[in-house]
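If you want the building blocks of each chain, they are given just below.
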Amino acid sequence: LPILLDGLRALTPGAAILSEEHGASAGSTAARWIIDPLDGTVNYASGLPMFSATIAYQERGETLLGLTHAPLANLFARYAKGEVPTVNDKPAKPSPIAALADAVISVVLTAHFTAAEVKRAAQIVERLGRQCRGVRIVVSGAYEMSLVACGRLTGFVGIKADVVSHAAATPLVRAAGGKVTRLDGHDSDDADFEK
């Protein structure tokens, strides 16, 4: 990670950098890099392939570039403003499934949730489990959102979303034609993500 950070500082002097492992460094411009070098740490540590590395570049709060790489799951997702979003070099397109009964939805449920958050996530799993074709718990937000962008998952629910884990994939889903909303159905924005 230090080599990457040094390279980004050389590439974009003055840009701020927000990284899950290294925290935030201030910048002198309206640009910033958002990096999650290991989204899905428990999966990685357990030998499961559902983890990813992500990087996003923003100027004035708008994401211009987002990359998600899940090497063991063979997934590379790319968003660049004004270009066709891709997953594994193919144009990203969300699932056409419209009926919840046919949908496969991923839900985040982790050990770092509070007791109330665990209860809320379990209620979501229970409700979806009665109505969907399938519910999955993967816990690698950018990877899961990339799967939504290319139609492998119909949807993804995260009740405690953070900007570091989702900055690269949120614009990917939208550019592919999908939606990123709050649980009430309204479009989400950066204020909805934990910093």
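Whatever comes next refers back to the structure up there.
In this text, all values refer to a predicted model and were calculated from it rather than measured experimentally.

Reading the values: the criteria
- Residues numbered from 1 in each chain as written.
- Predicted model: local features only at pLDDT ≥ 70, side-chain atom pairs only at ≥ 80, totals over all residues.
- Heavy atoms only, no water.
- Helix = DSSP H or I, 4+ residues; strand = E, 2+ residues; numbered from the N terminus.
- Polar contact = N/O pair within 3.5 Å; in protein donor to acceptor, adjacent residues only side chain to side chain.
- Salt bridge = Lys/Arg side-chain N within 4 Å of Asp/Glu carboxyl O.
- Buried < 20%, exposed > 50% of the residue type's maximum accessible area, 1.4 Å probe, protein only.
- 1 Å grid on protein atoms, 1.4 Å probe; cavity = no way out; pocket = protein on both sides within 12 Å on 5 of 7 lines; lining within 4 Å.
- Points joined across faces, edges and corners; volume = space filled by probe spheres on them.
- Nonpolar A, V, L, I, M, F, W, Y, C, P; charged D, E, K, R; others polar.

**Q** Sorry, what's going on with the side chain of Gln-58 here?
**A** Looking at the element boundaries, Gln-58 is found in strand S4 (residues 52-59). Engagement of the side chain of Gln-58 in a polar contact is seen with the side chain of Thr-63, the distance being 3.1 Å.

**Q** Is there a simple way to think about the pattern of salt bridges in this case?
**A** Two side chains with opposite charge may pair up if their charged atoms get near one another. Applying the stated rule across the entire model yields six salt bridges. Among the salt bridges present, the one from Asp-6 reaches Arg-9, with a minimum N-O distance of 3.7 Å. In this pair, Asp-6 and Arg-9 both sit in helix H1 (residues 2-11), three residues apart, roughly one turn of the helix. Under the relative-accessibility criterion, Asp-6 is labelled partly exposed at 49%. Owing to a relative accessible area of 40%, Arg-9 belongs among the partly exposed residues under this scheme.

**Q** Please explain the layout of surface pockets as it appears in this structure.
**A** Regions of empty space are outlined by a rolling probe, equal in size to a water molecule, passed over the atoms. Volume-wise, the largest pocket comes out at about 1,000 Å³. Forming the walls of the largest pocket are 36 residues, and the residues nearest its centre are Phe-156, Val-157, Lys-179, Val-180 and Thr-181. Secondary-structure elements contributing two or more residues to the lining of the largest pocket are helix H3 (115-131), helix H4 (141-149) and strand S11 (155-157). A class-by-class count of the residues in the lining of the largest pocket yields 19 nonpolar, 10 polar and seven charged. Looking at the second largest pocket, its volume works out to about 500 Å³. Those elements that provide at least two residues to the lining of the second largest pocket are strand S3 (31-39), helix H2 (41-45) and helix H5 (163-166). Grouping the amino acids of the lining of the second largest pocket by side-chain chemistry returns 11 nonpolar, 10 polar and six charged.

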